[in-house]
Amino acid sequence: MDYKNAYETLQKKIQKLEKEIKVHKIAAKELEESERTYRHIFEYSPVMAYRSDYNGFILDINRAGVDILGYKNRSDMIGLDFPRFLYADPADRNKFQKNVNKKGFIRDFETQFRRKNGSIIDVQLTATALRNKKGIIDGYEGFILDITSRKQAQRALLESEEKYRTVAENSLAAIFIHQKKRFCYANHRLAEMLGYDSPEEIVGTPFWVIVHPEDRPLVKERGLKREKTDFPPDHYPFRAIKKDGSIIWVELQATHATYLGRSAAIGNFIDITQRKLAE
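Here the structure is a predicted model, which means the values were calculated and not measured.

1. Here's the deal with empty space enclosed by the protein
All chains considered together, the criterion is met by two cavities of 30 Å³ or more. Size it by volume and the largest cavity reaches roughly 140 Å³. In this structure, the largest cavity is lined by 16 residues; those nearest its centre are Phe-176, His-178, Phe-207, Val-219 and Leu-252. Taken together, the elements giving at least two residues each to the lining of the largest cavity come down to strand S6 (174-179), helix H7 (216-226), strand S8 (235-241), strand S9 (247-259) and strand S10 (262-271). With four residues, H7 is the single largest residue contributor to the lining of the largest cavity. For the lining of the largest cavity, the class distribution of residues is twelve nonpolar, two polar and two charged. Of the volumes computed, that of the second largest cavity is approximately 50 Å³. Considering the residues around the second largest cavity, the lining is formed by Tyr-50, Ser-52, Gly-56, Phe-82, Tyr-87, Arg-93, Phe-96 and Leu-125. Those elements that provide at least two residues to the lining of the second largest cavity are strand S1 (48-53) and helix H4 (90-103). Classifying every residue of the lining of the second largest cavity gives five nonpolar, two polar and one charged.

2. A word on the packing of aromatic side chains
This model, assessed by the stated rule, comprises eleven aromatic pairs. Measuring from ring centre to ring centre gives 5.0 Å for Tyr-87 and Phe-113, while their planes differ by 70 degrees; the resulting arrangement is edge-to-face. With Tyr-87 in the loop between helix H3 (82-86) and H4 and Phe-113 in strand S3 (residues 105-114), this pair connects stretches of sequence that are 26 residues apart. Judged by relative accessible area, Tyr-87 falls into the buried class, the value being 2%. Measuring from centroid to centroid gives 6.1 Å for Phe-96 and Phe-109, while their planes differ by 55 degrees, and the two rings are tilted. With Phe-96 in helix H4 and Phe-109 in strand S3, this pair connects stretches of sequence that are 13 residues apart. Phe-109 carries the same exposure label as Phe-96, and that label is buried. What links up through ring pairs into an aromatic cluster is the set Tyr-50, Phe-82, Tyr-87 and Phe-113. In this structure, Lys-220 is placed above the aromatic ring of Trp-208, and the distance from its NZ or CZ to the ring centre is 4.2 Å.

3. Here we look at the pattern of salt bridges
Per the counting criterion, the structure on display carries 16 salt bridges. For Glu-110, the salt bridge is made with Lys-151, and the minimal N-O distance between the two is 3.0 Å. Remark: Lys-151 occurs in helix H5 (residues 148-169) and Glu-110 occurs in strand S3; sequence separation between them is 41 residues. Look at Glu-110 and you get partly exposed, because its relative accessible area is 37%. One salt bridge connects Glu-192 with Arg-189, and the closest N-O pair in it is separated by 2.6 Å. Placement of both Glu-192 and Arg-189 in helix H6 (residues 188-193) is noted, with a separation of three residues, approximately one turn of the helix. Residue Arg-189 is classed as partly exposed on the basis of its relative accessible area of 26%. By sharing partners, the salt bridges in this structure join Glu-251, Arg-275, Lys-276 and Glu-279 into a single network.

4. Thoughts on the pairing of S8
When you tally the buried positions in S8, you get five out of seven residues, the bulk of the element. Relative to S9, S8 runs antiparallel, the two sharing seven bridges. Bridge pairing in S9 links His-235 to Gln-253. In this structure, the hairpin formed by S8 and S9 is closed by a connection of five residues, where Gly-245 is found at a positive phi of approximately 95 degrees.

5. Concerning the side chain of Thr-148
By the secondary structure assignment, Thr-148 is in helix H5. For Thr-148, a relative accessible area of 12% corresponds to the buried category. With residues near it in sequence (within four places) discarded, Thr-148 still touches Ile-121 and Asp-122.

6. Some words on the sheet that holds S3
Hydrogen bonds between backbone groups are what pair the strands of a sheet, and the pairing can be parallel or antiparallel. Spatial ordering of the open sheet is given by S2-S1-S5-S4-S3, a layout of five strands whose pairing is antiparallel. Across the chains shown, the open sheet's two edge strands, defined by having one partner strand only, are strand S2 (58-61) and S3. Each adjacent strand pair in this sheet contributes to an overall mean axis angle of 30 degrees, direction not counted. Pairing of S1 with S2, which is carried by three bridges, proceeds in the antiparallel orientation. Each residue of the ladder has a partner; that of Ser-52, found in S2, is Ile-58. In the packing of H4 onto the sheet, the strands contacted are S1, S3, strand S4 (120-131) and strand S5 (137-146), and the crossing angle to S3 comes to about 170 degrees. Against the sheet, H5 makes contact with S3, S4 and S5, and its axis sits at roughly 130 degrees relative to S4, the strand it touches most.

The rules behind the values
- Residues numbered from 1 in each chain as written.
- Predicted model: local features only at pLDDT ≥ 70, side-chain atom pairs only at ≥ 80, totals over all residues.
- Heavy atoms only, no water.
- 1 Å grid on protein atoms, 1.4 Å probe; cavity = no way out; pocket = protein on both sides within 12 Å on 5 of 7 lines; lining within 4 Å.
- Points joined across faces, edges and corners; volume = space filled by probe spheres on them.
- Helix = DSSP H or I, 4+ residues; strand = E, 2+ residues; numbered from the N terminus.
- Nonpolar A, V, L, I, M, F, W, Y, C, P; charged D, E, K, R; others polar.
- Phe/Tyr/Trp six-rings, centres within 6.5 Å; stacked < 30°, edge-to-face > 60°.
- Buried < 20%, exposed > 50% of the residue type's maximum accessible area, 1.4 Å probe, protein only.
- Lys NZ or Arg CZ within 6 Å of the ring centre and 35° of its normal.
- Salt bridge = Lys/Arg side-chain N within 4 Å of Asp/Glu carboxyl O.
- Pairing = 2+ DSSP bridges.
- Contact = heavy atoms within 4.5 Å.
- Axes fitted to C-alpha atoms, helices over the stretch in contact; angles between N-to-C directions.

Structure representation (structure tokens):
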């Protein structure tokens, strides 16, 4: 009887063990599938994916990262020192590490990397901290996007804006932009011509306040229409009111334009008071 009970107990233990083994096999298979999926995403991501240790030495990097940084294969980069060889400014790596250690992750961190041939590229990092079993950060993994083209376009735009701003600010003609019925830009020549101390006194006011009351209906009507579309005539004279209340004649030339993504009217005028007096 004791042998029978022992046998049954043993059978139950064996069945329980078999169930546990089956569960472990299923979990192992799921883990293997998960790792295979992760590896596939890692390898075939169109952006650079990497893993590094706490000090910045590369542990793994995908094909996109190898290509972006100008190396031949992964083996050339494994063990490479991120702060020393890749960051154009090593201080940026310290900023990155400080931020990711504080929050556990970082998004859209912009810096510059040095490629193998020495050329500099602009990049954007999104990364998370990796922790060991004790919860201590011992590495990082993330994605790095090459944003060189975008940054070059931004710099070119800023240079272009600076160039045209310089031209506008040094123009002998009064230049303005009005949008939604109000001045949103005025150069120094316009302020000077109308007797104001600075363009800031004009910006934000309705564009027709500088127009003589008798000419205002016509200028206002054309100005509001020109904010929406272009039409003739694109230049004509009118009387303008200076800050002190005195009157001058100006000749306006204006056109429809887009400013900061919205419809606007842009134009300039010159003082023709002496010509009018001569006439």
